[in-house]
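# Overview (structure and organization)
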Amino acid sequence: MRKLISTISKKEYPFESLNEFSDNGESLEVYVPKIEEAKIRDGKYLWERFRDFLPFQFFDSNCSLGEGNTPLIPAGRKLQEVTGLKNLWIKNEAQNPTGSFKDRGSLTTIFMAKEMRERFTATVSTGNMGHSISAYGARAGIKVIVFLPEFVPQEKLLSMAVHGAIIVKVKAEDYSAMKKRVLELTNKYNLRIVTGNNPIRVEGYKLEAFEMFEQMEGNVPDYIAVPTSACGHIRGIFKGYRELFQAGLTKKLPKMVVVQAKNNSPIVKAIKMGYDHIIPFKNFHTIAEAITSGDPPGGDEIIHKAKNFGWLAEDVEEKEIVEAQKILAKSGFFVEPSSATVLHAVKKLRDAGKIKDEEMVVLVLTGSGLKQFEALKGFKLDIFESDTEKIDKDLNYIMEKINDEKGKNRKE
Ligand SMILES: *Cc1c(COP(=O)(O)O)cnc(C)c1O
């Protein structure tokens, strides 16, 4: 029977439980019965083809906004040169309906709400998750309440409210403190509050692994680099690969690369120091707004897995994040700063000899840059103010400048 299991001490809980964590604070994961016998079926949607791997009884394409089907493409020469990695790939999750991978978990959150006959659902979010579940709730006719920290950019807040979600901005010492306070209210109001490390969301993130498995025609990458905060995404991708392995469909597991901003690296720092528990961060600032869990509940699981499965971990400085965002943008990928962290993380791991030049590495670009324009303040952009009189002169200047640059490139 389907159930929830705590990820380190293996305690069991009912599948329907409203609580996202075990009594001792560990993250929970869904146990799917008979995974060894699971097969890939025919079907139009990913969740139809992989339904043997999913715990849900309710599936309805009317709840979908067309999430997934995101490109997995070669990173290209420029990014290969920057990182020194020859077999580098991009999984562009920014191309989901609301601009981040969160849509995959929102779909399964809605499946669960429908199956449990819940009329509303709630979340605590720095932005992307709130935006995503607001859109999916609107699509499925489920009321959404989003609890937000004060510092959320206006673009992200409005993108939730516009779908009809109820927004509650909460003043708190920091994000983790606020999240803890909100989660305490779960049982009092009998309200399923789905946060980033929720086991039901993780079932949606699993589908990203299944999709890459199909896109790579059964091959498994050596490394998958994922910007990590609440930890739902990274463990979802890995759970997908683990289940493919258990079902006998693959012969190896990828190694995950846990990536965090140096200013807030509770997991990466613990892994590097060889600790078993996360090191909580407080009163930090990072431009990587989507990865600001300073004290992620259930985060110890990631440290545990890193040890058992040989995962890597790397942190990146603020200036590296800004530089990476620029380099990615100049390569055609407009992502938010949090997503850009992965570029310098794998570069540093390669420079340190931990990742070999020929190994196959996937960078997961988690979210679109369109929701965080203020991150672009320090960018040098070519913008000309012209008018119908001046345009001739301006264009003359622009063409000369481009030709000069071309000449320079050729000489180099
Ligand atoms: C949510 C989010 C993350 C972090 O994912 P977790 O599942 O919380 O670890 C990273 N990048 C972006 C763009 C996000 O929205």
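Right above here is the structure, for reference.
Residues numbered from 1 in each chain as written. Predicted model: local features only at pLDDT ≥ 70, side-chain atom pairs only at ≥ 80, totals over all residues. Heavy atoms only, no water.

This next bit is on the packing of aromatic side chains. Scanning the entire structure with this criterion turns up 13 aromatic pairs. With centroids separated by 4.3 Å and ring planes inclined at 15 degrees, the aromatic side chains of Tyr 45 and Trp 47 adopt a geometry described as stacked. On the basis of relative accessible area, Tyr 45 is assigned to the partly exposed category, the value being 25%. In this structure Trp 47 comes out as buried when scored by relative accessible area, which is 5%. Seen in terms of ring centroids, Phe 59 and Phe 111 are 5.5 Å apart; in terms of plane orientation they differ by 65 degrees. Their pairing is edge-to-face. Of the two residues, Phe 59 sits in the loop between α1 (46-49) and β4 (72-74) while Phe 111 sits in helix α3 (residues 102-115), which places them 52 residues apart along the sequence. For the residue pair Phe 59 and Phe 111, the accessibility class agrees, reading buried in each case. Through a chain of ring-to-ring contacts, three or more aromatic side chains come together here, namely Tyr 45, Trp 47, Phe 56, Phe 58, Phe 59 and Phe 111. The ring centre of Tyr 31 lies 4.9 Å from the NZ or CZ of Lys 3, which sits over that ring. For the cation-ring pair, Lys 326 lies above Phe 379, with the distance from its terminal atom to the ring centre recorded as 5.2 Å. (Phe/Tyr/Trp six-rings, centres within 6.5 Å; stacked < 30°, edge-to-face > 60°. Buried < 20%, exposed > 50% of the residue type's maximum accessible area, 1.4 Å probe, protein only. Helix = DSSP H or I, 4+ residues; strand = E, 2+ residues; numbered from the N terminus. Lys NZ or Arg CZ within 6 Å of the ring centre and 35° of its normal.)

All right, on to the sheet that holds strand β6 (residues 120-124) then. In spatial order, the strands read β6-β7-β8; together these 3 strands make up an open sheet with parallel pairing. In this open sheet, the two edge strands, each paired with only one partner strand, are β6 and β8 (166-170). With direction set aside, neighbouring strand axes in the sheet form an average angle of 15 degrees. On top of the sheet, helix α5 (residues 154-161) reaches β7 (143-149) and β8; it is set at about 145 degrees to β8, its chief contact. Contacting β6, β7 and β8, helix α6 (residues 175-183) crosses the sheet at an angle of about 145 degrees to β7. (Pairing = 2+ DSSP bridges. Axes fitted to C-alpha atoms, helices over the stretch in contact; angles between N-to-C directions. Contact = heavy atoms within 4.5 Å.)

This next bit is on α6. Of all the residues in α6, the buried ones are Tyr 175, Ser 176, Met 178, Lys 179 and Val 182. Projected down its long axis, α6 shows its buried positions confined to an angular sector of 160 degrees, all on one face. Where α6 is buried, its residues touch β6, β7 and β8. (Arc of directions from axis to C-beta.)

The next thing to look at is the site of the ligand. What surrounds the ligand is a group of 15 residues, the closest being Lys 102, Asn 128, Ser 229, Cys 231 and Thr 366. Cys 231 places a polar main-chain atom, nitrogen or oxygen, 2.8 Å from an oxygen atom of the ligand. Gly 232 places a polar main-chain atom, nitrogen or oxygen, 3.3 Å from an oxygen atom of the ligand. Each residue belonging to the shell around the ligand can be placed in one class, and the counts come to 6 nonpolar, 7 polar and 2 charged. (Near = heavy atom within 4 Å. Polar contact = N/O pair within 3.5 Å; in protein donor to acceptor, adjacent residues only side chain to side chain. Nonpolar A, V, L, I, M, F, W, Y, C, P; charged D, E, K, R; others polar.)

Turning to unusual backbone geometry, a few remarks are in order. Of note, Glu 217 is a non-glycine position whose phi angle comes to about 50 degrees, a positive value. Checked against the element boundaries, Glu 217 lands in the loop between α7 (199-215) and β9 (223-227). Among the residues examined, Glu 217 registers a relative accessible area of 73% and is labelled exposed. Within the chain, Cys 231 stands out as a residue other than glycine whose phi angle is a positive 90 degrees. Checked against the element boundaries, Cys 231 lands in the loop between β9 and α8 (232-246). Overall, Cys 231 belongs to the buried group, its relative accessible area being 3%.

Without other data, these values stay purely geometric and don't point to any function.
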